[in-house]
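A look at the structure
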Amino acid sequence: MISASEQLDAIKQGVVDLIPEDSLRQKLEKAVVTGKPLVVKQGFDPTAPDIHLGHSVGLRKLRQFQDLGHQVVFLIGDFTGLIGDPSGRSDMRKRMTREELLANADTYTEQAFKILQRERTTVECNSRWLGKMRFGEVLELAATQTIARLLERDDFARRYKDNRPISLLEFLYPLAQGYDSVVLKADVEVGATEQKFNLLMAREIQRSYGQDPQVILTLPILEGTDGVEKMSKSMGNYIGITEPAAEIFGKTMSIPDSLIAKYFALVSSKTPIEVQRVVERLAEPDTNPSHLKRELALDLVTQFYDDEAARGAEAHFDRIHVRHDVPESIVEVRLAGSADGLWLIKALTDSGMCDTSSEARRMVKQGGVTVDGDKVIDIELRLQKKKDPYTVKVGKRKFVAIVVE
RNA sequence: GGGGAGGUUCCCGAGCGGUCAAAGGGAACAGACUGUAAAUCUGUCGGCGAUGCCUUCGGAGGUUCGAAUCCUCCCCUCCCCA
């Protein structure tokens with residue numbers, strides 16, 4: 001294990017808050033002396049089945065702790081997920097069922113190991129202790145905090161002021177999260193900046209339970225591909241780390257230019273110095289941002305797959321979006337046609353290219369449908385029976401080979 | 001328990017008896033442009049083999065030739081009082 005101050009320098013990279021820094025230094029020094037690794041915790045509520053780049057910001061920090069020799073607790077909030085984290089929310093959440101959460105939790109952990117090392121990871125589910133608490137124990141926990149204290153939280157305060165509902169359940173969320181830290185005897189908890197309140201409250205709760213409070217470490221929030229909202233499944237602006245290479249590449253290319261530097265800093269494999277160089281290049285007037293985005297996209301695909309996949313994804317991108325060509329391989333669908341062939345609109349819905357016939361009509365009307373390279377303008381077009389498939393393109397990037405038989 | 005305000009299409013939000021599949025914005029999608037699935041501009045945006053028909057405005061009934069709009073009951077949210 002390297003010296004405490006070297007570790008501290010490494011850990012501080014990219015963090016927004018580190019509270020209190022002295023305490024972390026002491027904990028690290030103690031770890032170096034005793035050889036006992038720190039327990040570093042981050043919780044993830046399995047509200048969606050996929051881990052995306054937004055999660056990876058925290059996971060990468062956890063990985064860094066592991067590389068320094070510490071123990072990570074990957075905490076699955078299968079119980080807190082039932083409550084729904086109110087952090088950063090302006091409305092009450094729709095509650096999820098236990099079944100949904102458990103199904104998601106399954107895929108979650110495996111995906112997390114794309115970033116974390118297994119040997120130094122403990123996977124825990126907070127239902128193990130939260131699910132067993134007796135009411136008396138809950139009361140004891142609740143007694144540690146006050147309503148005024150909870151209302152200090154910006155999102156609660158705002159909602160309260162705007163006469164928007166806050167359920168009592170949501171008030172309990174920070175308490176539950178804090179109790180996790182008590183049970184796990186966490187030395188450090190990592191979270192996004194919006195978690196600051198919850199993380200700090202955990203310190204108070206640990207103190208109430210006679211523990212040395214954890215150090216809290218917050219990281220910037222990663223905006224999604226829309227460039228505005230926090231990356232999340234529900235906003236549909238996420239890049240999943242297990243998505244196909246071409247998707248990761250393409251979605252990365254779709255982020256607004258303004259986010260390039262941030263992505264490099266938070267989720268690329270580049271060192272801080274290399275990131276700095278990217279920032280400088282962005283500032284140069286003759287730099288085309290798309291070139292930098294390409295580098296970013298290649299870097300990301302390489303991280304989650306390999307070089308070869310990255311080059312393949314880039315080639316695919318050039319083919320479809322730069323040369324407006326047809327992809328290397330297209331899914332083939334066989335559809336039955338009658339004597340006078342198969343109505344194109346029907347073919348589009350039956351092949352799954354369009355969800356509804358209204359949508360299919362719209363696509364054709366807007367000039368978004370191409371058959372064998374020719375733009376279709378006739379909504380009544382019929383595809384005659386033919387041995388060879390028709391190459392059908394819908395929109396910018398949906399292709400299908402349709403055989404009418 | 002009493003009094004008041006409100007629940008509208010994916011989201012926000014107008015509409016307050018026919019001209020409403022429902023303004024406007026956002027998201028999404030399509031087209032143009034582009035060294036980007038960026039930015040910008042234009043358009044589309046419930047469903048159905050469709051110049052018409054069907055389903056939607058918290059839920060269930062009712063009034064009316066006709067209801068998102070009026071009435072009754074119920075469910076949910078917010079505010080004030082207790």
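Before any of the text, the structure's been laid out above.
Cut-offs applied
Residues numbered from 1 in each chain as written. Chains lettered and ligands numbered in written order. Predicted model: local features only at pLDDT ≥ 70, side-chain atom pairs only at ≥ 80, totals over all residues. Heavy atoms only, no water. Core = buried A, V, L, I, M, F, W, Y, C linked by side-chain atoms within 4.5 Å. Buried < 20%, exposed > 50% of the residue type's maximum accessible area, 1.4 Å probe, protein only. Helix = DSSP H or I, 4+ residues; strand = E, 2+ residues; numbered from the N terminus. Contact = heavy atoms within 4.5 Å. Near = heavy atom within 4 Å. Polar contact = N/O pair within 3.5 Å; in protein donor to acceptor, adjacent residues only side chain to side chain. Pairing = 2+ DSSP bridges. Axes fitted to C-alpha atoms, helices over the stretch in contact; angles between N-to-C directions. Phe/Tyr/Trp six-rings, centres within 6.5 Å; stacked < 30°, edge-to-face > 60°.

1. Remarks on the nonpolar core
- Residues Leu24, Leu53, Leu59, Phe74 and Tyr263 are the most contacted members of the largest nonpolar core, which totals 60 residues.
- For this core, the leading source of residues is helix 15 (residues 289-304), giving 6 residues.
- Aside from chain neighbours lying at most four places away, what touches tyrosine 263 is Leu53, Leu222, Glu223, Gly224, Thr225, Met231, Ile239, Ile255, Ser268 and Leu296.
- In this structure, Val333, Ala347, Tyr390 and Val392 belong to the second largest nonpolar core, which totals 22 residues.

2. Concerning the protein's contact with RNA strand B
- Ser254, His291, Lys293, Arg361 and Glu380 are the nearest of the 34 residues found near RNA strand B.
- Within 4 Å of the protein, the atoms of RNA strand B are drawn from sugar and phosphate moieties in a proportion of 53%.
- At 3.0 Å from a phosphate oxygen of RNA strand B is found a main-chain nitrogen or oxygen belonging to serine 357.
- Separating a base nitrogen of RNA strand B from a side-chain N or O atom of glutamate 380 is a distance of 2.4 Å.

3. Some remarks on the sheet that holds strand 5 (residues 188-192)
- The sheet built from 6 strands is open, its strands ordered 1-6-5-2-3-4 with mixed pairing. Single-partner strands in this sheet number two, and they are strand 1 (17-19) and strand 4 (121-125). Neighbouring strand axes in the sheet, compared pairwise and without regard to direction, differ in orientation by 20° on average.
- Across 5 bridges, strand 3 (residues 71-76) lies against strand 4 in parallel orientation. Its bridge partner lying in strand 4, phenylalanine 74 is registered against valine 123.
- The strands touched by helix 3 (residues 53-67) within the sheet are strand 2 (39-44), strand 3, strand 4, strand 5 and strand 6 (215-219), with strand 2 carrying the most contacts at an inclination of about 165°.

4. Comments concerning unusual backbone geometry
- Here the residue pair isoleucine 19 and proline 20 is connected by a cis peptide bond, since its omega of -15° sits within 30 degrees of zero.
- Here proline 20 is to be found in the loop between strand 1 and helix 2 (21-34).
- Despite not being glycine, aspartate 372 has its phi angle at roughly 50°, a positive value.
- On the secondary structure map, aspartate 372 appears in the loop between strand 9 (369-371) and strand 10 (374-375).
- Of the residues examined, aspartate 372 reaches a relative accessible area of 40% and is grouped as partly exposed.

5. As for the sheet that holds strand 13 (residues 398-404)
- Read from one edge of the open sheet, 5 strands run 7-13-12-9-10, paired in mixed fashion. Of all the strands in the sheet, just strand 7 (332-335) and strand 10 have a single pairing partner and so form its edges.
- In this structure, strand 9 lies alongside strand 10, joined through 2 bridges in antiparallel fashion. Its bridge partner lying in strand 10, valine 371 is registered against aspartate 374.

6. Re the packing of aromatic side chains
- Taken as a whole and judged by the stated rule, the model has 4 aromatic pairs.
- Seen in terms of ring centroids, phenylalanine 249 and phenylalanine 317 are 5.5 Å apart; in terms of plane orientation they differ by 55°. Their pairing is tilted. Of this pair, phenylalanine 249 sits in helix 12 (residues 245-253) while phenylalanine 317 sits in helix 16 (residues 307-322); the two residues are 68 residues apart in sequence, bridging distant segments of the chain. Across the pair, phenylalanine 317 and phenylalanine 249 agree in class, each one buried.

7. Here we look at the pairing of strand 5
- Among the 5 residues of strand 5, 4 are classified as buried, and the element is accordingly described as predominantly covered.
- Strand direction decides the pairing type here: strand 2 and strand 5, joined by 2 bridges, are parallel. The residue of strand 5 that forms the bridge with valine 40 is valine 188.
- In this structure, strand 5 lies alongside strand 6, joined through 5 bridges in parallel fashion. Directly across from valine 188, in strand 6, lies its bridge partner valine 215.

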